[in-house]
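Here is what each chain is made of, one letter per residue.
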Amino acid sequence: MTNFNHNLARRALGFLVLIALAAGSVLPAFGQRRSTRRSPRLGRYTRPVAAQPSYYTVSANTLLRVRMNEVISSENARIGDRFTTTVVDPVYARGVEVIPAGSIVTGRVASVTRASRKSKAGTLGVGFVSVQLPSGLTRVINGSLTDVSSESVSSDNEGQVSGKSSMKRNVVFIGGGAATGALIGAIAGGGKGAGIGAGVGAGLGVAGAYFSKGKEAEVKRGTEFGVVLNQSVALPVANVR
């Protein structure tokens, strides 16, 4: 009887040892599975943050050469009408390209004078309100119409083109005989009925008499002219592909 109890106790002890060994192998595996499940959650907090683009300031008085994308005329234009132009030459700030060729500059009709057969040619006053880069980024600007003759612009060693201090900004499109679009001239004085100054068109090499009475100011598609910035604007470096 004693031997029977002794054998039974040995078997019970062996069974408990097996249970302990089995539990020891299961628990680490369970912990490993739980750790594997948590790893994606931890990964969310270790993803790198995208670098922010560096911005460069395009200073006031910078000149943009643009090309007209549509037709506007003093015959039917209204104040507030918008039109678009395309940047012809890239613009640089501190030697870095920030406004690539192909960017879109939006303009707005600011004043309209219909042509009169007895008194004067029609005129169109415009301003420029935004620039859209090829990337889609759009920035508000404050720009004025000007010509792009060599006498009125200068460039520095970093490629930035600027208007000279003598550049006239109180200019409008004026009806005339130009085949490529309306001419650009300065207005002598302001307000309704402002006359055409004696030096109108001098920067373009044409005489004041060239502006024909009864001619509407029609700016044709493809006409090139200048937009001079009245205020600085901050833009990121252009993406180079």
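If you're wondering where the values come from, they're calculated on a predicted model, not measured in any experiment.

1. Examining the overall build of the chain
Of regular secondary structure, the chain possesses one helix and 17 strands. Taken over 241 residues, the chain has a buried fraction of 34%. Surface summary for the chain: the accessible area is close to 14,800 Å², and the carbon and sulfur share equals 53%.

2. Description of the confidence of the model for the chain
Taken as a whole, the chain shows an average pLDDT of 74; of its residues, 55% reach a score of 70 or greater. Looking across the chain, the model is least confident in strand E14 (residues 195–196), with a mean pLDDT of 42, and most confident in strand E4 (residues 82–87), with 98. Low pLDDT, under 50, characterises residues 188–210; the predicted model gives this stretch 34 contacts beyond four residues in sequence or across chains.

3. Here's the deal with the pattern of salt bridges
Going through the model one piece at a time under the given rule, you end up with three salt bridges. Between Arg-65 and Glu-224 there is a salt bridge, with its nearest N and O atoms 3.9 Å apart. Residue Arg-65 is located in strand E2 (residues 63–68), and its partner Glu-224 is located in strand E16 (residues 224–229); the two are separated by 159 residues in the primary sequence. Relative accessible area serves as the criterion here: at 35%, Glu-224 is assigned to the partly exposed category.

4. Notes on the packing of aromatic side chains
Applying the stated criterion across every chain, the model contains three aromatic pairs. On the basis of an interplanar angle of 85 degrees and a centroid distance of 5.9 Å, the ring pair of Phe-83 and Phe-128 is categorised as edge-to-face. Of this pair, Phe-83 sits in strand E4 while Phe-128 sits in strand E8 (residues 123–132), and the two are 45 residues apart along the sequence. Assessed through its relative accessible area of 1%, Phe-83 is described here as buried. The class for Phe-128 is buried, based on a relative accessible area of 2%.

5. A short note on the nonpolar core
Formed by 35 residues in total, the largest nonpolar core has its most connected members in Leu-64, Ile-99, Phe-128, Phe-173 and Phe-225. Residue contacts for Phe-128: discarding those within four places in its chain leaves Phe-83, Thr-85, Val-105, Thr-106, Gly-107, Ile-141, Asn-142, Gly-143, Ser-144, Leu-145, Phe-225 and Val-227.

6. Let's talk about the environment of Tyr-56
Residue placement: Tyr-56 occurs in strand E1 (residues 55–58). Of the residues examined, Tyr-56 reaches a relative accessible area of 18% and is grouped as buried. The sequence separation of Tyr-56 and Val-237 amounts to 181 residues, and the corresponding C-alpha distance is 7.1 Å.

The rules behind these values
- Counting restarts for each chain: residues are numbered from 1 in the order of the written sequence.
- For a predicted model such as this one, the threshold for reporting local features is a pLDDT of at least 70, and the threshold for listing and counting side-chain atom pairs is 80 or more; totals across whole chains, interfaces and linings nevertheless cover every residue.
- The side-chain numbers reported here are obtained from all heavy atoms of the structure, hydrogens and water having been left aside.
- Numbering goes from the N terminus for both helices and strands, where a helix is a DSSP run of H or I of at least four residues and a strand is a run of E of at least two.
- Each residue gets one of three labels from its accessible area relative to the maximum for its type: buried under 20%, exposed over 50%, partly exposed in between, using a 1.4 Å probe on protein chains only.
- Only the protein chains shown count as cover for residues, with accessible areas throughout obtained via the Shrake-Rupley method and a probe of 1.4 Å.
- Values of pLDDT, which run from 0 to 100, indicate the predictor's confidence residue by residue.
- By the convention used here, residues are in contact when the closest approach between their heavy atoms is within 4.5 Å.
- Definition used for salt bridges: Asp or Glu carboxyl oxygen within 4 Å of a side-chain nitrogen of Lys or Arg.
- Any pair of Phe, Tyr and Trp rings, taking the six-membered ring for Trp, is counted once the centres come within 6.5 Å. Such a pair is stacked with planes under 30 degrees apart, edge-to-face with planes over 60 apart, and tilted for the rest.
- Definition used in this section: a nonpolar core is a set of buried Ala, Val, Leu, Ile, Met, Phe, Trp, Tyr and Cys residues joined via side-chain atoms within 4.5 Å.

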